[in-house]
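# Chains, contacts and geometry: an overview
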Amino acid sequence: MEKYNFLSNEEITVLNLRSIYEKNGYHKFTPNQFESYDFYAKNKDFLVGNRILTFTDLNGKLMALKPDITLSIIKNAGKNSSALSGNERLYYTENVYRESKDINEFKEIFQVGIENIGKIDIDETFDTVKLALQSLFEIDKNSKLEISHNAYVDSLLNFISEDSNVKEEILNLISHKNIHDFKKLIIEKNLPEKYCDILISLLSPGKTNEEILSFIKENALNNEMTDSADELSKLYSKAKENGLRDYIVIDFSLVKDPSYYNGIIFDGYINNVPRNVLSGGRYDALLKKMEKKHKQAIGFAIYFDIIERLLASEPRREA
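Conventions adopted
Numbers given to residues run from 1 along each chain, matching the order in which its sequence is written. Local features in this predicted model are restricted to residues of pLDDT 70 or higher, and side-chain atom pairs are both shown and tallied only at a pLDDT of 80 or more, whereas totals for entire chains, interfaces and linings draw on every residue. For the side-chain quantities, the full set of heavy atoms in the structure was used; hydrogens and water were omitted. A pair of strands is treated as paired once DSSP finds two or more bridges between them. Helix and strand assignments follow DSSP, with helices taken as H or I runs no shorter than four residues and strands as E runs no shorter than two, numbered in order from the N terminus. Axis lines are fitted through C-alpha atoms, for helices just across the contact stretch, and the angle between N-to-C directions can take any value from 0 to 180 degrees. Partly exposed describes any residue whose relative accessible area lies between the buried limit of under 20% and the exposed limit of over 50%, with all areas from a 1.4 Å probe on protein chains only and scaled to the type maximum. Aromatic pairing here means that ring centres of Phe, Tyr or Trp (its six-membered ring) are within 6.5 Å. Orientation follows from the plane angle: under 30 degrees is stacked, over 60 is edge-to-face, and everything else is tilted. A ring is considered to have a charge above it if a Lys NZ or an Arg CZ atom is located within 6 Å of its centre and within 35 degrees of its normal. One speaks of a salt bridge when a side-chain nitrogen belonging to Lys or Arg is within 4 Å of a carboxyl oxygen belonging to Asp or Glu.

The subject of this paragraph is the sheet that holds strand E3 (residues 54-56). Strand order in the open sheet formed by three strands is E2-E4-E3, with antiparallel pairing between adjacent strands. With one partner strand each, in any of the chains shown, strand E2 (34-36) and E3 form the two edges of the open sheet. When the angles between neighbouring strand axes are averaged without regard to direction, this sheet yields 35°.

The next thing to look at is the pairing of strand E10 (residues 278-282). For E10, a buried count of five out of five residues is recorded, marking the element as mostly surrounded by other parts of the structure. Pairing of strand E9 (residues 264-270) with E10, which is carried by four bridges, proceeds in the antiparallel orientation. Bridge pairing links isoleucine 265 to glycine 281 in E10. Direction of pairing for E10 relative to strand E11 (residues 296-303): antiparallel, over a ladder of five bridges. Paired with glycine 280 across the two strands is phenylalanine 300, which belongs to E11.

Geometry of an aromatic ring pair is reported as the spacing of the ring centres plus the angle between the planes. By the definition in use, this model includes nine aromatic pairs. Relative to phenylalanine 300, the ring of tyrosine 21 has its centre 6.3 Å away and its plane inclined at 70°; by these criteria the two rings are edge-to-face. Here phenylalanine 300 lies in strand E11 and tyrosine 21 lies in helix H1 (residues 9-23), a separation of 279 residues in the sequence. Of the two residues, tyrosine 21 and phenylalanine 300, neither departs from the other in class, the shared state being buried. One residue, lysine 207, lies across the ring of phenylalanine 215, its end atom 5.6 Å from the ring centre. Just above the ring of tyrosine 260 sits the side chain of lysine 289; from NZ or CZ to the centre is 5.3 Å.

On to unusual backbone geometry, then. Excluding glycine, residues mostly carry a negative phi; peptide bonds, for their part, are mostly trans. A positive phi angle, close to 55°, is found at lysine 177, a residue other than glycine. Tracing the sequence through the fold places lysine 177 in the loop between helix H6 (164-175) and helix H7 (179-189). Looking at lysine 177, the relative accessible area reads 52%, which means it is exposed. Phi is positive for asparagine 190, close to 55°, though the residue is something other than glycine. Within the secondary structure, asparagine 190 is located in the loop between H7 and helix H8 (193-203). Given the relative accessible area of 68%, asparagine 190 is considered exposed.

What follows is about the pattern of salt bridges. Applying the stated rule across the entire model yields eleven salt bridges. Residues lysine 177 and aspartate 251 are paired through a salt bridge, measuring 3.3 Å at the closest nitrogen-oxygen approach. Residue lysine 177 is located in the loop between H6 and H7, and its partner aspartate 251 is located in the loop between strand E8 (248-250) and E9; the two are separated by 74 residues in the primary sequence. Among the residues examined, aspartate 251 registers a relative accessible area of 14% and is labelled buried. Of the charged contacts, one joins glutamate 231 and arginine 282 as a salt bridge, the two residues approaching to 4.0 Å between their closest N and O atoms. Here the residue glutamate 231 occupies a position in helix H10 (residues 223-241), and arginine 282 occupies one in strand E10, the gap between them amounting to 51 residues. Relative accessible area serves as the criterion here: at 10%, arginine 282 is assigned to the buried category. Linked through salt bridges whose partners overlap, the residues forming this network are Glu231, Arg282 and Asp284.

What follows is the structure, encoded as structure tokens:
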């Protein structure tokens, strides 16, 4: 690629990411800067943060500056003329407007991401995971991708409790690896120890990827859990075949809202950054909520607000 010495590391990284996605058959998606507030309000639980930045247009209609790109892409699914092999493969480089986790105000956040919409099989899933890792390597060669399966955990929770509030509390404890308080909850709510012990063992540290895969297969309680274990095993086998084994960590403390995410999920990490800089997964359930029931989808986003200081402090890269 031609050298552009006037570009920042962030701009060079974005150019390199765009090149990767386009070589893999993805096409640029440019959403509207704002949408009707009602559009986002109907899917508020999917958004990061609880508040949406709004304004009233000249016709008196309540509008919102976009807090998310995935929703805009799903809304327009099927309208893209560049769909390949029945799937729409789209990437974006856009700003979103969200409340900041660090300060009590709204923030303009730059994101780069991809969405693959159509028929998602194990090959499409692996290709997305591989692209996620390639994206992380553009930022830092010492990157890791944590992977889990949301359907496996969600199905296990159905054996533990029928109470949605209890499930939500357990998911929160899982995400914080808080086994101590989970054990207290088991006693408090009189939860079935037989099934809770499976979850506790699954979250206990020290297991290799292979040991976790063996464990979830042996402890599958229904067809959904068996299928989830098989899918994760196939994905890991493909990763090993492609030399990516050392960059993947299977971790079932990684959970996402099951009302939106229904399959393989993953978060990406780089050195010297304590938070995930990439987040993604399979979200067929979101499509169903948005009346796209005949489609499936998987994708990820990279949060440049988290890595901007890292990129700014590095020696200048070459484009």
